[in-house]
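# Working through the structure, step by step
Listed below, chain by chain, are the residues.
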Amino acid sequence: MELEATPDDEVFSSNDEMEELWPLGEVDPKRARFPCCIVWTPLPVVSWLAPYIGHVGIAREDGTVLDFAGSNLVSVDDLAYGSAARCLQLDRNKCCFPANLASHVCARSHEHSEAGTAMSWDDALRSGARRFEHKCYNLFTCNSHSFVADCLNRLAYGGSVGWNVLNLAALVWLRGRWLDRAAAARSFLPFAAVSCVGVLMAGWSFLLGMAAFSLLLLGWFVLGVYCLKGLVG
């Protein structure tokens, strides 16, 4: 008995062909080329107080980084706030690229259609950039993480269209890697210096204040993402 091909078979075959026809290049920090990667860099001042907070971008298949750098501005090949310090290369086989706009294989195809169906990796980034070119930048409600999360939802990466600033940040920190020791030092030395100076000038209460600042930030994003949906983009 012959087995009929399923949509999953077609997608896996399409993904295999994609890898053969459009293989990804190597990550090359010296040339700032990060094919299909999420990249992270520390923010001035903010990262000095909370080193887990930074600026992110997402790269096209050729390694060129796109990032939401300001109101109505999606930068291309010019990552705001300096060179990348961490990166995480994603697997295109975990994306949903339907053969046509009416067919999906991800778990929540209807929600994927609402998020914005993409025919390819670069197509998702292109449509995401067009949307954020008309948005106002705000660290607390619509930032670089919002842009990258929107692109992942268009890709239905990992079969999910529930990407947001929190689970994206967790993904980068838990699975991303430092590009080199200098990048790690650039991210943590300012925090260490500010902490030491603060303790010398204000005592251990300064560290309690920094901890409270971090908890307030985390609480704001949890509230905006999960409790008041739509508040944080």
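Residues numbered from 1 in each chain as written. Predicted model: local features only at pLDDT ≥ 70, side-chain atom pairs only at ≥ 80, totals over all residues. Heavy atoms only, no water.

This part is about the UniProt feature "transmembrane region" (unreviewed entry) in the protein chain. UniProt's entry tags residues 155-176, 188-207 and 213-232 with the feature "transmembrane region" (unreviewed entry), counted in the numbering of this structure. Secondary structure within residues 188-207 divides into 90% helix and 0% strand; the distance between the first and last C-alpha atoms comes to 15 Å. Helix makes up 75% of residues 213-232 and strand 0%. Its end C-alpha atoms lie 19 Å apart. (UniProt positions renumbered as here; feature names shortened; annotations may be inferred. Helix = DSSP H or I, 4+ residues; strand = E, 2+ residues; numbered from the N terminus.)

A few words now on the layout of surface pockets. What the second largest pocket holds in volume is close to 370 Å³. Those elements that provide at least two residues to the lining of the second largest pocket are β2 (54-59), α5 (144-155), α6 (165-175) and α8 (205-227). Looking at the lining of the second largest pocket, its residues break down into 14 nonpolar, 6 polar and no charged. (1 Å grid on protein atoms, 1.4 Å probe; cavity = no way out; pocket = protein on both sides within 12 Å on 5 of 7 lines; lining within 4 Å. Points joined across faces, edges and corners; volume = space filled by probe spheres on them. Nonpolar A, V, L, I, M, F, W, Y, C, P; charged D, E, K, R; others polar.)

This brings us to unusual backbone geometry. Of note in this structure, V45 is not a glycine but carries a positive phi near 65 degrees. Turning to its location among the elements, V45 is positioned in the loop between β1 (37-42) and α2 (46-49). Owing to a relative accessible area of 46%, V45 belongs among the partly exposed residues under this scheme. Located in the positive-phi region is Y81, a residue other than glycine, with phi close to 70 degrees. Relative to the elements of secondary structure, Y81 occurs in the loop between β4 (73-76) and β5 (86-89). (Buried < 20%, exposed > 50% of the residue type's maximum accessible area, 1.4 Å probe, protein only.)

Quick look at the sheet that holds β4 now. With antiparallel pairing, 6 strands are arranged side by side in an open sheet as β4-β3-β2-β1-β5-β6. Whereas interior strands pair on both sides, the edge strands pair on one side only; in this sheet they are β4 and β6 (177-178). Where β2 and strand β3 (residues 65-70) come together, 2 bridges link them in antiparallel fashion. Bridge pairing in β3 links A59 to V65. Each of β2, β3 and β4 is contacted by helix α4 (residues 121-132), which is oriented at about 130 degrees to β2, the strand it contacts most. Those strands touched by α6 are β1, β2, β5 and β6, and its axis lies near 90 degrees from that of β1. (Pairing = 2+ DSSP bridges. Contact = heavy atoms within 4.5 Å. Axes fitted to C-alpha atoms, helices over the stretch in contact; angles between N-to-C directions.)

Viewed as axis vectors pointing N to C, helix α7 (residues 181-202) and α8 meet at an angle of 130 degrees, and their least axial separation amounts to 7 Å. With respect to their mutual orientation, α7 and α8 come out oblique. The segment α7 lies against α8, with F191, V194, S195, G198, V199 and A202 engaging S205, F206, L207 and M210. By residue class, the composition of the contact of α7 with α8 is 7 nonpolar, 3 polar and no charged. (Parallel < 35°, antiparallel > 145°, perpendicular 65-115°, else oblique.)

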